[in-house]
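# Summary of structural features
Chain residues, written in single-letter form:
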Amino acid sequence: MKIDQLYQLFLESEGIATDTRSIRTNQIFFALKGDNFNGNTFAWQALKKGASYAIIDQEEFAKDDRYVIVKNVLQTLQDLATYHRTNLGLPLLAITGSNGKTTSKELIYAVLRKKFETIATPGNLNNHIGVPLTLLSLKPTTEFGIIEMGANHHGEIQRLCEIALPDYGYITNFGKAHLEGFGSLEGVVTAKSELYDHIKTHGKHLFLNADDKVQKKHLNYSPNYSFGENPAANVKVSYEMHRETAAVKSEGENYQSSLTGSYNAVNIAAAICIGKYFEIPEENIRKAILDYSPKNNRSQIIKAGDNTLLMDAYNANPTSMKAALESFSRSKAPNKVVILGDMFELGKDAAMEHQEIVNYLEKSNFSTILLTGENFSQTNTDEKKIRRFRNFEELKRALEENIPEGAFILIKGSRGMALERVESILKNR
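Calculation criteria
- Residues numbered from 1 in each chain as written.
- Predicted model: local features only at pLDDT ≥ 70, side-chain atom pairs only at ≥ 80, totals over all residues.
- Heavy atoms only, no water.
- Phe/Tyr/Trp six-rings, centres within 6.5 Å; stacked < 30°, edge-to-face > 60°.
- Helix = DSSP H or I, 4+ residues; strand = E, 2+ residues; numbered from the N terminus.
- Buried < 20%, exposed > 50% of the residue type's maximum accessible area, 1.4 Å probe, protein only.
- Lys NZ or Arg CZ within 6 Å of the ring centre and 35° of its normal.
- Pairing = 2+ DSSP bridges.
- Axes fitted to C-alpha atoms, helices over the stretch in contact; angles between N-to-C directions.
- Contact = heavy atoms within 4.5 Å.
- Polar contact = N/O pair within 3.5 Å; in protein donor to acceptor, adjacent residues only side chain to side chain.
- Domains from an automatic or database assignment.
- Expected span 1.5 Å × (residues − 1).
- Salt bridge = Lys/Arg side-chain N within 4 Å of Asp/Glu carboxyl O.
- Core = buried A, V, L, I, M, F, W, Y, C linked by side-chain atoms within 4.5 Å.

### Considerations on the packing of aromatic side chains
Within this structure, the stated rule accounts for 16 aromatic pairs. Judged by centre distance (5.9 Å) and plane angle (25°), the ring pair of Y7 and F10 falls under stacked. A residue pair is termed a helical-turn pair when its members lie 3 or 4 positions apart in one helix, as Y7 and F10 do in helix 1 (residues 3-11) at three residues. Comparing Y7 with F10 shows no difference in burial state: the two are buried. Put simply, the rings of F116, F144, Y168, F207, Y225, Y277 and F278 pair up and form one aromatic cluster. It is R286 that lies over the ring of Y255; its NZ or CZ is 5.6 Å from the centre. We note R415 situated over the ring of Y314; from NZ or CZ to the ring centre the distance is 5.2 Å.

Okay, structure coming up:
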């Protein structure tokens, strides 16, 4: 079946499904494959549950004309997404970076929707499957699309750009994330810059942090629109780094937020910059930023008995971990407790990066420091306020035996550590 024929079926459907557990009537089921599953084996179940068609790439599973056989289901999903995006022709902003891309996306989305009918990547569906699914969620009434792009290997951002064809690009930063796949910080810069390379090759538009030494190299590219303390920036900002919540001042205007962590100020500045570029009134930008409330374990403030949790347990890498700790150290709370979990995907640098975090913690002003995970448990320290645990169960037992009281507690670790489980321990004391 040709892509234009499949597109007509898509227009007549209720959208795309890739999971039979959540399929709706008249959706088209794409039988994707993974390391531990083969969607072709579930195609019959999708049709039984009300799917109008099942896109498969193994002919032996086809039973009637509701099965559409293609060479590769994933490639077809991506091609359909590009075809849909091209037909709609709406402006689209792509966002990537090592840290803060989801928070930046949410802030920019909050600002842009003050003027445009906007759709943004839900959650962090930012990979080779999530990006096409987001594109296929765009509607004829959508006026602006925001696509988050994630990657842990070279070439992935380039491929996502080929699928999404962005008109605008913004990179939050370049940090020590996914070193196992990228090899080094220089590898991170090269891989994330694939977005800017695509934008420049196609004569599209860059948004730039003019204070970032890597991004500054692109200031001579036109068109660009930048923000920062740098005098060359289009939108001048200053950062209020010693506040309890992130705040930005720009051209005489104050932009307050409920985001804990001064590192979020740059994410706010990016949203201000992009909002101003698209001529959104300042009062609307200010309100969008002030009203934004973080969720999904990203810089969330949670009450747990007489303790206050700063839940930042969605993910972690050396750059974001250090930024979170530095910001937390500036809190005026008298009893600051830190609970950290291992940082994943660091490859050969894992031991060194975890030890560097411990070296920083030894000199910190935190009352108690609890570290968990295979890497943290193997670090070296004689500091008595630092306790190390091999796994979550050991941490759990220690917390249950000695629950902090009246503390401000930072909780951060990689997604696989699932440190949000600490919340229930502290609430069920």
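### Regarding the sheet that holds strand 13 (residues 253-260)
Across the sheet, nine strands lie side by side as 6-7-5-8-9-10-11-12-13; this open sheet has mixed pairing. Where the open sheet ends on each side, the last strands, each with one partner, are strand 6 (118-120) and strand 13. Adjacent strand axes in the sheet meet at a mean angle of 20° when their direction is disregarded. Pairing of strand 6 with strand 7 (residues 144-148) involves three bridges; the strand directions are parallel. Bridge pairing links A120 to I146 in strand 7.

### Structural notes on the environment of D212
Tracing the backbone through its elements, the reader meets D212 in the loop between strand 9 (205-209) and strand 10 (224-228). When the C-alpha positions of D212 and F174 are compared, they lie 9.0 Å apart, and in sequence the two are 38 residues distant. The residues contacting D212, other than those within four sequence positions of it, are N173 and F174. In terms of polar contacts, D212 uses its side chain to reach the backbone amide nitrogen of V214, at 2.9 Å.

### Considerations on the domain arrangement of the protein chain
Looking at the assigned domains, one finds that the protein chain contains domain 1 (3-73), domain 2 (89-291) and domain 3 (300-427). On a C-alpha basis, the centres of domain 1 and domain 2 stand 34 Å from each other.

### A look at the environment of S238
Mapped onto the elements, S238 comes out in strand 11 (residues 235-239). The class for S238 is partly exposed, based on a relative accessible area of 29%. Aside from chain neighbours lying at most four places away, what touches S238 is E229, V248 and K249.

### Some words on helix 4 (residues 101-112)
Taking 1.5 Å as the rise per residue, helix 4 with 12 residues should run 16 Å; its terminal C-alpha atoms sit 16 Å apart, in good agreement. For helix 4, the tally of buried residues reaches 11 of 12 residues, placing the bulk of the element in the interior. Restricting attention to buried positions, one finds in helix 4 the residues K101, T102, T103, S104, K105, E106, L107, I108, A110, V111 and L112.

### Details of the pattern of salt bridges
Tallying each qualifying case throughout the model produces 18 salt bridges. The residue R21 makes a salt bridge to D19 at a minimum N-O spacing of 2.7 Å. Residue classification places R21 among the exposed residues on the basis of a relative accessible area of 73%. You can call D19 partly exposed: its relative accessible area is 26%.

### Quick look at the pairing of strand 8 (residues 168-171)
In strand 8, alternate side chains face the same way, and those of Y168 and Y170 on one face and G169 and I171 on the other are all buried. When strand 5 (residues 92-96) meets strand 8, the two strands line up parallel, connected through four bridges. Counted as the bridge partner of T96 is I171 from strand 8. With three bridges connecting them, strand 8 and strand 9 associate as parallel partners. Across the sheet, residue G169 finds its bridge partner in strand 9, namely L206.

### Quick word on the nonpolar core
One finds F30, L93, I108, L112, L135, Y170 and F207 to be the most contacted residues of the largest nonpolar core, which totals 80 residues. Broken down by element, the residue count for this core peaks at eight residues, all from helix 10 (residues 264-277). Taken together, domain 1 (3-73) and domain 2 (89-291) each give at least three residues to this core, which thus spans both. Those residues within four positions of L135 in sequence are excluded, and the remaining contacts are A81, H84, R85, L92, I147, I163 and A164. L309, V337, A398 and I425 belong to the second-largest nonpolar core, a separate cluster that totals 22 residues.

### Details of the sheet that holds strand 4 (residues 67-69)
One open sheet accounts for four strands, arranged 1-2-3-4; its pairing is parallel. Each end of this open sheet is capped by a strand with a single partner; those strands are strand 1 (16-17) and strand 4. Across three bridges, strand 2 (residues 28-30) lies against strand 3 (residues 53-56) in parallel orientation. Each bridged residue has a counterpart across the sheet, and for F29 the counterpart in strand 3 is A54. Most of the contacts of helix 1 go to strand 2, to which it runs at about 125°, and overall it touches strand 1, strand 2 and strand 3. Its contacts with the sheet place helix 3 (residues 73-88) against strand 1, strand 2 and strand 3, and it is angled at close to 130° to strand 2.

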